[in-house]
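A structural walkthrough
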Amino acid sequence: MTTATTLEPVLTAQGLMQSFGTRTVLDGADLELRHGEVLAVVGVSGSGKSTLLYALAGLRQPDGGTVTWNGDANIWDLGEPDITLTRRATCGFVFQFPAFLDDMTIAANVAVPLVVSGTKPRDARKRARELLDKFGLGPLADDYPGTLSGGELQRASIARALVMEPAIVFCDEPTGALDEQNSELVVGELRRVAAEFGVGVLIVTHDPSVWAMCDRVLRLDGGKLIEERAS
């Protein structure tokens, strides 16, 4: 992995199109995310931010356009199960409401993606603990999700997103359920992730305080992405 922002894009999207009936949500949207960069995508409610994220993350195929990760082929040409396997190896996710298994410890939850991919549980939990330590959650590794605060759970979500050493981390309203102090802490951790691991971080958000902490801001308006603030 790289350890600083580079000009090399880790994610490129060109000409994304998506309509639902007579409503056009994406109308030739273009985007580029670089290694080590934190990019915010903003827009009013219903503007299509989630639709865009699903297309970029290989979760829902758009009507048209291309998406590439790490400069490889258009992901939508891969087909299943290759797109799922590639996404698992390339992308991490942080959502507004962290989803953890209540009957498993935090370390075991963070280790799940590794175990699913075939890593021995003991080795997976070791890696999970290393990441939890990085986010100041080492003492909570053996606790259960119900005992952690919202901010702690979201930081654990970031650790889980990194456990497969992804090139891209997608964040869907990661501070939407947090107070101002925890929001700043979580975005600060995402910035540290980008700088330390060279990961490209894309944050979909409506929170102006989050925009202010990102390297660049793109606004989704009329189905197109408009540069709101450049780095």
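Now for a look at the structure at hand.

So, on to the overall build of the protein. Within the protein, the secondary structure is distributed over seven helices and nine strands. Against the 2.2 N^0.38 benchmark of 17 Å for 231 residues, the protein shows a C-alpha radius of gyration of 17 Å, consistent with a compact globule. Its C-alpha atoms give the protein principal-axis dimensions of about 50 × 40 × 35 Å. Per-residue burial over the protein gives 50% buried out of 231 residues. When contacts within the protein are restricted to residue pairs at least 6 apart in sequence, long-range pairs at least 24 apart make up 68% of them.

Taken as a whole and assessed by the stated rule, the structure comprises two aromatic pairs. With a centroid separation of 5.7 Å and an interplanar angle of 25°, the aromatic rings of Phe 93 and Phe 170 are classed as stacked. Remark: Phe 170 occurs in strand E6 (residues 168-172) and Phe 93 occurs in strand E5 (residues 91-95); sequence separation between them is 77 residues. Here Phe 93 matches Phe 170 in class, with each residue buried. Among the aromatic residues, those joined into a ring-pair cluster are Phe 93, Phe 95 and Phe 170. Over the ring of Phe 100 we find Arg 160; its NZ or CZ atom is 4.2 Å from the centre of that ring. In this structure, Arg 192 is placed above the aromatic ring of Phe 135, and the distance from its NZ or CZ to the ring centre is 5.2 Å.

Our next topic: the pairing of strand E1 (residues 9-20). Here E1 runs beside strand E2 (residues 23-34); their pairing, made up of nine bridges, is antiparallel. Along E2, the bridge assignment pairs Ala 13 with Leu 31. As consecutive antiparallel partners, E1 and E2 are separated by two residues, and within that stretch Gly 21 has a phi angle of approximately 65°, a positive value. Pairing of E1 with strand E4 (residues 64-69) involves five bridges; the strand directions are antiparallel. Its bridge partner being in E4, Ala 13 is matched across the sheet by Val 67.

Turning to helix H3 (residues 106-116), a few remarks are in order. Residues of H3 that are buried include every one of Ile 106, Ala 107, Ala 108, Asn 109, Val 110, Ala 111 and Leu 114, and no others. Where H3 is buried, its residues meet helix H4 (121-134) and helix H5 (150-162). Downstream of H3 by a residue or two, Gly 118 has a phi angle that is positive, lying close to 105°.

Moving on to the packing of H5 against helix H6 (residues 180-197). Where H5 contacts H6, the two axes come as close as 9 Å, and the packing angle between them is 20°. The orientation of H5 with respect to H6, classified from their angle, is roughly parallel. Taken as a pair, H5 and H6 cross one another with a handedness that is right-handed. Residues Gly 151, Gln 154, Arg 155, Ile 158 and Leu 162 of H5 pack against Asn 182, Leu 185, Val 186, Glu 189, Leu 190, Val 193 and Phe 197 of H6. Broken down by class, the residue content of the contact of H5 with H6 amounts to seven nonpolar, three polar and two charged.

If you check H5, its first and last C-alpha atoms are 19 Å apart, about what 13 residues at 1.5 Å a residue would give, namely 18 Å. Within H5, eleven of the 13 residues are buried, which leaves the element mostly enclosed by the surrounding structure. Every buried residue of H5 is listed here: Gly 151, Leu 153, Gln 154, Arg 155, Ala 156, Ser 157, Ile 158, Ala 159, Arg 160, Ala 161 and Leu 162. Those residues of H5 hidden inside the fold are in contact with E5, H3, H4, E6 and H6.

Here the focus is the side chain of Ser 47. By the secondary structure assignment, Ser 47 is in the loop between strand E3 (38-42) and helix H1 (49-56). Overall, the relative accessible area of 14% leaves Ser 47 in the buried class. Reaching out from Ser 47, the side chain makes a polar contact with the backbone oxygen of Val 44 at a distance of 2.8 Å. Beyond its immediate chain neighbours, meaning those up to four positions away, Ser 47 contacts Val 25 and Leu 220.

What counts and how
The written sequence of each chain sets the order in which its residues are numbered from 1. With the structure being a predicted model, the display of local features is reserved for residues of pLDDT at least 70 and the display and counting of side-chain atom pairs for 80 or more, all residues being used for whole-chain, interface and lining totals. Only hydrogens and water are removed before side-chain values are computed, so all heavy atoms of the structure are retained for them. Elements are defined by DSSP. Helices are runs of H or I of four residues or more, strands are runs of E of two residues or more, and each kind is numbered from the N terminus. Between the two quantities, the radius of gyration covers C-alpha atoms and the globule rule is 2.2 Å times the number of residues to the power 0.38. Exposure is judged per residue with a 1.4 Å probe applied to protein chains only, and the accessible area is read against the type maximum: over 50% gives exposed, under 20% gives buried, and values in between give partly exposed. Here, residues are in contact when the closest pair of their heavy atoms is within 4.5 Å. Note on aromatic pairs: the rings of Phe, Tyr and Trp (six-membered ring only in Trp) are paired at centre separations within 6.5 Å, and the planes decide the class, stacked below 30 degrees, edge-to-face beyond 60, tilted for the rest. Placement of a charge over a ring requires the Lys NZ or Arg CZ to be within 6 Å of the ring centre, with the centre-to-atom vector within 35 degrees of the ring normal. One bridge is not enough; two strands pair if DSSP finds at least two bridges between them. Angular values range over 0 to 180 degrees, each being the angle between N-to-C directions of two axes fitted as lines to C-alpha atoms, with helices fitted over their stretch in contact. If an angle is under 35 degrees, it is roughly parallel; if it is over 145, roughly antiparallel; if it lies from 65 to 115, roughly perpendicular; otherwise it is oblique. Less than a right angle of anticlockwise turn of the near helix away from the far helix marks a crossing as left-handed, whereas a clockwise turn marks it as right-handed. We call Asp, Glu, Lys and Arg charged. Ala, Val, Leu, Ile, Met, Phe, Trp, Tyr, Cys and Pro are nonpolar, and the rest, Gly among them, are polar. Multiplying one less than the number of residues by 1.5 Å gives the expected span of a helix. Counted as a polar contact is a pair of N or O atoms within 3.5 Å, where, for protein atoms, one must be capable of donating a hydrogen and the other of accepting one, and residues adjacent in sequence contribute only when both atoms are in side chains.

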